[in-house]
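# Observations on chain architecture
As a plain string of letters, each chain reads:
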Amino acid sequence: MKLNLLPKIVDTTGRAKRAFVGGSIVLIASIVAAFWMANESWARVTTAKESVAKAQPMYQRAVDIATEADNMMAKPAVRQLVVNTSLASSMTGANRLYPDLFDFVKPYIPGFFRITSLGATPLGAQGCSVNMTGTVKSAQQYADLMLALLRIPGALTVSRAGYQGDDVIVPALTLIDQAGRPRKESKAPIPDDALDRLTYFQSESSPTGFLNAGNFGTLEPGTQKDARPGESVINVTVTLPRNIQTPNPQATIKSLAGAAPAQGLPASNKAGGN
């Protein structure tokens, strides 16, 4: 005996028809989409082949020119001419490397740091070091200088050395100085006793007249002005990721030692000339 467990409101025949119609629609849509994608792919392949065909003459021309250039460079005279021309162009372009580096760094040098010399050293193709010598007046300026130079864009490290300041300090209490009187670091404690303090100040002597300290006041032209009284000369090195390597003319010319001199070139342009 069969039992029909479906309710009477369910029409299985109608559901089968709807499923058949829906499946047919999906099938037709899939066929249309597949045809469209195949047609689009074929059109793109055809366009790519046409582009390759149009570029083929230019490609062949480039190959021919490159082959001709290689054959010309195999000739010693032509190779020497090309190398000498490239060397001259590189040397001309390298004239601005150091001035441009100094112009880049100078806006970040604080005003209290009086520069006496400025130079640079290449550290390979990836960096260089900028070397400065100058004067500062106090330990605070010595500390602030490092922070100021770290503002240089790309600065990797900043190192400094040479500070020998003589700042005014409030010393620790001692047996003869129970008040902690301010004095310079290089000076002895100031006594509390009035007579001893008078003797202390009488023994303090200060030079008078023209001292020619740091070559200030001299009339000699071109004389470098060093540290003034109360200043300290320090050396600072800043590492930057900047390539300042210049061409090596001697090594480049030596590489042409076996090349024949280029025809029509003056003697001064030949390998080894000045």
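What counts and how
Residues numbered from 1 in each chain as written. Predicted model: local features only at pLDDT ≥ 70, side-chain atom pairs only at ≥ 80, totals over all residues. Heavy atoms only, no water. Helix = DSSP H or I, 4+ residues; strand = E, 2+ residues; numbered from the N terminus. Buried < 20%, exposed > 50% of the residue type's maximum accessible area, 1.4 Å probe, protein only. Contact = heavy atoms within 4.5 Å. Areas by Shrake-Rupley, 256 points an atom, 1.4 Å probe, with all protein chains shown as cover. Salt bridge = Lys/Arg side-chain N within 4 Å of Asp/Glu carboxyl O. pLDDT = per-residue confidence, 0-100. Arc of directions from axis to C-beta. Pairing = 2+ DSSP bridges. Axes fitted to C-alpha atoms, helices over the stretch in contact; angles between N-to-C directions. Core = buried A, V, L, I, M, F, W, Y, C linked by side-chain atoms within 4.5 Å. Patch = residues over 30% accessible without salt bridge, like charges linked within 9 Å, V, L, I, M, F, W, Y side chains within 5 Å. Polar contact = N/O pair within 3.5 Å; in protein donor to acceptor, adjacent residues only side chain to side chain.

### Thoughts on the overall build of the chain
- A tally of regular secondary structure across the chain gives six helices and six strands.
- For the chain, the sequential pattern of α-helices and β-strands runs α-α-α-β-β-α-β-β-β-α-β-α.
- Buried residues in the chain amount to 19% of all 274 residues.
- Sequence separation of 24 or more characterises 57% of the internal contacts of the chain that already satisfy a separation of 6 or more.
- Surface exposure of the chain reaches about 19400 Å², of which carbon and sulfur atoms provide 60%.

### What about the pattern of salt bridges?
- Applying the stated criterion to the full structure yields nine salt bridges.
- Among the salt bridges present, the one from Arg44 reaches Glu40, with a minimum N-O distance of 3.4 Å. Taken together, the positions of Arg44 and Glu40, both in helix H1 (residues 12-73) and four residues apart, correspond to about one turn of that helix.
- Classification of Arg44 by relative accessible area gives exposed; the value is 59%.

### Points about the confidence of the model for the chain
- On average, residues of the chain score 82 in pLDDT, and 88% of them reach the 70 mark or higher.
- Overall, residues 260-274 carries pLDDT values under 50, and its contacts beyond four positions in sequence, including any with other chains, amount to 22 contacts.

### Thoughts on helix H3 (residues 97-105)
- Listed in full, the buried residues belonging to H3 are Leu101, Phe102 and Val105. Around the axis of H3, the buried residues are gathered within 95° of arc, so they sit on the same side.
- Lining the buried residues of H3 we find strand S1 (114-122), strand S2 (128-136) and strand S6 (232-240).

### Some points on the sheet that holds S2
- Pairing is antiparallel in the open sheet, where four strands are placed in the order S1-S2-S6-S3. Only two strands of the sheet have a single neighbouring strand rather than two, namely S1 and strand S3 (157-161). Averaged over all pairs of adjacent strands, the angle between strand axes in this sheet comes to 20°, irrespective of strand direction.
- Where S3 lies against S6, five bridges are found, and the strand directions are antiparallel. In the strand pairing of S6, Val158 is matched with Val238.
- Of the strands in this sheet, S1, S2 and S6 are in contact with H3, which crosses S1 at around 130°.
- Set on the sheet, helix H4 (residues 139-149) makes contact with S2, S3 and S6; between it and S3 the angle comes to about 155°.

### Things to note about the nonpolar core
- Grouped together as the largest cluster of nonpolar side chains are 21 residues, with contacts concentrated most on Met132, Leu149, Val236, Val238 and Leu240.
- Excluding anything up to four places from it in sequence, Leu240 contacts Leu101, Phe104, Val105, Gln126, Gly127, Cys128, Val130, Ile152, Pro153, Gly154 and Ala155.

### Comments concerning a nonpolar patch on the surface
- Among the surface-exposed residues, Phe20, Val21 and Ile25 lie close enough to one another that they form a single nonpolar patch of about 340 Å² accessible area.
- The topology assignment puts Phe20 in helix H1.

### Digging into the side chain of Thr135
- Residue placement: Thr135 occurs in strand S2.
- Separated by 3.5 Å, the side chains of Thr135 and Glu231 make a polar contact.
- In contact with Thr135, not counting residues within four places along its chain, are Phe112, Phe113, Arg114, Asp226, Ala227, Glu231, Ser232 and Val233.

### Observations regarding the side chain of Glu231
- Within the secondary structure, Glu231 is located in the loop between helix H5 (194-203) and S6.
- Its relative accessible area of 13% is what places Glu231 among the buried residues.
- Within the local environment of Glu231, its side chain forms a polar contact with the side chain of Arg228, the two groups lying 2.7 Å apart.
- Apart from the residues within four sequence positions on either side, Glu231 is in contact with Arg114, Thr135, Val136, Lys137 and Asp226.

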